[in-house]
Amino acid sequence: MFCLLCACNKEKTQVIPEELEDYVHAFFRDARKHGNNIHIEDFDLIFDFVQLNNDSVSGRCNASNNRIEIDAALWERKSDDVKTWLIYHELGHCILGREHYNGVFYNGECQSMMCSDFISDNCSTNFFSDAWKAYYVQELFCEERILPDWYDTDATLEIITPLSYNTVILDTVIFDDRLRIDSISVLDDADFQICMTFHNWQDLGTCIHLNWDSKSLVLCDNKFTIREKVLVENTYLFNNYFQSKIGMELDDETTLCILKEEEWYYFFVDMNLIHVMDFETWVDKRVYTNSFDENMELSFKAFNF
Ligand SMILES: [Zn+2]
């Protein structure tokens, strides 16, 4: 449990720009929700927007005087989820006294938002999933690093059975540019599975994308990204869950699959589970690939169950 040394009556100094206030107050509310009875009034805390001149650093805390610098240009380009992560991370240093922690779960997910980089080769954070965010906030205040119960490491892909319906099968189609399937009925509110097998993608020396709704599962050079496009004040930004998975050999033929059960999405590459997260129900019932310059051979299978 957390103990504070604030018996003195000395007035505390807080300088918090208006655009940061909500994030800072949310941090203290979350702290109290997790049993740390801390209040902003008890701390000196000064935030500054600066130019950090370093693309990989978006904020920094000086724990000696609780002064936190945020890169002004980067702040403008970040989604609300990334902004929350950044402020919580810096307050984790300054207020909770936490240091960087780079522990990694089974599938490459960072165990803590106190990892040294939001996007790194070491591990990956998924702060735009509500369930993952809840895990990370809990870990920040309680330092418990247990893979959440909903992360079913034994999840496997479904096979088509008489109970499957709305089945769409395209067995090896050849196309140039991109394959696009509009208004696919599989993508209703029921649970579903979508798999795309790219038969010759390494020959074409490129990445493969399984895009659905405003989201993408992207595979490039043994690195995976799950990407969501979000509209923030008339500008599109991308939330990226980025993972560099070590040790999976990929052939010319690679299968990407998404299995949806209730709000949970399971992502597979060549039948290996790579990530689990929650997503909101999608709006736009389209599935499509990225563009290719030359002929791509692809098989597609989707169904409800
Ligand atoms: Zn840090």
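Residues numbered from 1 in each chain as written. Predicted model: local features only at pLDDT ≥ 70, side-chain atom pairs only at ≥ 80, totals over all residues.

**A closer look at helix α1 (residues 18–33)**
The test is simple: The way it works is that DSSP assigns letters per residue, a run of H or I at least four long becomes a helix, a run of E at least two long becomes a strand, and they are numbered from the N terminus. An expected span of 1.5 Å times one less than the residue number is assigned to each helix. Neighbour density around each residue's C-beta defines its exposure: 20 or more other C-beta atoms within 10 Å make it buried, 12 or fewer make it exposed, and counts between make it partly exposed, where C-beta atoms are placed from the backbone. The directions from the helix axis to the C-beta atoms form the arc being described. Whether two residues are in contact depends on their C-beta atoms, placed from the backbone: they are in contact if these lie within 7 Å.
Taking 1.5 Å per residue, 16 residues should reach 22 Å; α1 reaches 24 Å between its end C-alpha atoms and fits that length. For α1, every residue scored as buried is listed here: V24, F27 and A31. Looking straight down α1, one finds that the buried residues subtend no more than 50° of arc, so they occupy a single side. Exposed residues on α1 whose side chains face more than 90 degrees from its buried face are E18, E21, H25, R29, R32 and K33. Buried residues along α1 sit in contact with α3 (80–94) and α4 (130–142). One or two steps after α1, the chain reaches G35, where phi turns positive at roughly 90°.

**Examining the environment of L237**
Considering the arrangement of structural elements, one finds L237 in strand β11 (residues 235–244). Residues L237 and N66, spaced 171 residues apart in sequence, show a C-alpha to C-alpha distance of 30 Å. For L237, the contacting residues outside a window of four places in its chain are S79, V230 and V232.

**Structural notes on the nonpolar core**
Heads up, the rule is: For this entry, the nonpolar core is defined as buried Ala, Val, Leu, Ile, Met, Phe, Trp, Tyr and Cys residues connected by C-beta atoms within 7 Å. Residue ranges assigned to the domains are those given by an automatic or database domain assignment.
The biggest cluster of nonpolar side chains holds 62 residues, and the ones touching the most others in it are I194 and L256. Sort the elements by how many residues they give to this core and α3 lands first, with seven residues. Both domains that meet at this core, namely domain 1 (14–142) and domain 2 (165–304), each give it at least three residues. Beyond its immediate chain neighbours, meaning those up to four positions away, L256 contacts M196, I208, L210, L217, L219 and V269.

**What about the sheet that holds strand β3 (residues 59–62)?**
To keep it simple, the criterion reads: Any two strands with at least two DSSP-identified bridges between them are counted as paired. To get an axis, fit a line to the C-alpha atoms, keeping to the stretch in contact for a helix; angles then go from 0 to 180 degrees between the N-to-C directions.
Strand order in the open sheet formed by four strands is β1-β2-β4-β3, with mixed pairing between adjacent strands. Pairing within the sheet leaves two strands with one partner each, and these edge strands are β1 (14–15) and β3. Relative to strand β4 (residues 67–71), β3 is paired through four bridges, and the arrangement is antiparallel. Residue pairing in the sheet places R60 in a bridge with E69 of β4. Against the sheet, α3 makes contact with β3 and β4, and its axis sits at roughly 20° relative to β3, the strand it touches most.

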